Amino acid sequence: MNYFVIADPDKCIGCRTCTVACVVAHSEENIFYQNPEDINFNPKLEVIKTNKVSAPIQCRHCEDAPCLNVCPNNAISKLNNVIKIEEDKCVGCKTCMLACPIGAIDFAVIDSFNKDKLYCVEKMVANKCDLCISSPDGPACQRVCPTQAFKIVENLEENIKNKRKASITNLSNL
């Protein structure tokens, strides 16, 4: 079963509350008590804004995920129908970004600790929505959106059947 979050662009106001919630959900420390210079602000979704519409772009956790299939280091895995990036395995080759059909993967700079040589280095790693898999409350973006623009799609086949039934009903009423 495919499981993902989608946002209704008609409801999205481009406030980017979802991006802040994403960063907070994936931070080890409370970012509101950190020195602003120490905050690693890497949301796992991006809000695209134009003159007429705004909407978040985030991973659809594809059934046959192109990003997972092309990763040369096996840094992308599927866990409980969630396509997840293992940052410690990612080498930053950007192959997954090129393979993603909706442009949901970007890259973030993280601090990586080299255990053998005992020092920290910055490295670029793939960054994308993981449905807040470690949170029992589910995706933070959906919980905080002031316009309830986000919707969890759990059973895509059922949604498609219902949409088709509604379309047929609407056509027969004409």
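Below is a summary of the structure that appears in this document. (Residues numbered from 1 in each chain as written. Predicted model: local features only at pLDDT ≥ 70, side-chain atom pairs only at ≥ 80, totals over all residues. Heavy atoms only, no water.)

Things to note about the overall build of the protein chain
The helix and strand inventory of the protein chain stands at 5 helices and 8 strands. Overall, the protein chain is about 70 × 35 × 35 Å in size when its C-alpha atoms are taken along their principal axes. For the protein chain, with 174 residues in total, the buried portion stands at 33%. Looking at the protein chain alone, contacts between residues at least 24 apart form 57% of all its contacts between residues at least 6 apart. A total of about 11,200 Å² of accessible surface is found on the protein chain, and carbon and sulfur atoms cover 51% of it. Once the 20 positive and 21 negative side-chain charges of the protein chain are each reduced to a mean point, those two points are 8 Å apart. (Helix = DSSP H or I, 4+ residues; strand = E, 2+ residues; numbered from the N terminus. Buried < 20%, exposed > 50% of the residue type's maximum accessible area, 1.4 Å probe, protein only. Contact = heavy atoms within 4.5 Å. Areas by Shrake-Rupley, 256 points an atom, 1.4 Å probe, with all protein chains shown as cover. Lys, Arg positive; Asp, Glu negative; His and termini not counted. Charge placed at Lys NZ, Arg CZ, Asp CG, Glu CD.)

Brief notes about unusual backbone geometry
Of note in this structure, L131 is not a glycine but carries a positive phi near 55°. Counting through the fold element by element, L131 comes out in the loop between β7 (119–127) and α4 (140–144). Given a relative accessible area of 3%, L131 falls into the buried group.

A look at the packing of aromatic side chains
Taken as a whole, this structure holds 0 aromatic pairs when the rule is applied. For the cation-ring pair, K94 lies above F107, with the distance from its terminal atom to the ring centre recorded as 5.0 Å. (Phe/Tyr/Trp six-rings, centres within 6.5 Å; stacked < 30°, edge-to-face > 60°. Lys NZ or Arg CZ within 6 Å of the ring centre and 35° of its normal.)

Some thoughts on the pattern of salt bridges
Across all of its chains, the model carries 2 salt bridges by this definition. Across the pair K84 and D130 runs a salt bridge, and its minimum N-O distance is 3.9 Å. You can see K84 sitting in strand β5 (residues 82–85) and its partner D130 sitting in the loop between β7 and α4, a full 46 residues away along the chain. D130 sits in the buried class, given a relative accessible area of 8%. Between K89 and E86 there is a salt bridge, with the nearest N and O atoms lying 3.5 Å from each other. (Salt bridge = Lys/Arg side-chain N within 4 Å of Asp/Glu carboxyl O.)

A look at the layout of surface pockets
The volume enclosed by the largest pocket comes to roughly 990 Å³. Along the wall of the largest pocket there are 33 residues; nearest its centre are H26, E28, N40, E87 and I110. The set of elements that each furnish at least two residues to the lining of the largest pocket consists of α1 (17–25), β5, β6 (106–114) and β7. A per-element tally of the lining of the largest pocket places β6 first, with 7 residues. (1 Å grid on protein atoms, 1.4 Å probe; cavity = no way out; pocket = protein on both sides within 12 Å on 5 of 7 lines; lining within 4 Å. Points joined across faces, edges and corners; volume = space filled by probe spheres on them.)

Some thoughts on the side chain of T19
By the element assignment, T19 lies in helix α1. Within polar-contact distance, the side chain of T19 engages the backbone oxygen of R16 at 2.7 Å. Ignoring any residue separated from it by four or fewer positions in sequence, one finds T19 in contact with F41, P43, L45 and V47. (Polar contact = N/O pair within 3.5 Å; in protein donor to acceptor, adjacent residues only side chain to side chain.)

Things to note about α1
Among all positions of α1, only C18, T19, A21, C22 and V23 are buried. As for α1, its buried residues are in contact with β2 (46–49), β3 (54–57), α4 and β8 (150–153).

Purely geometric numbers; function is a separate question.
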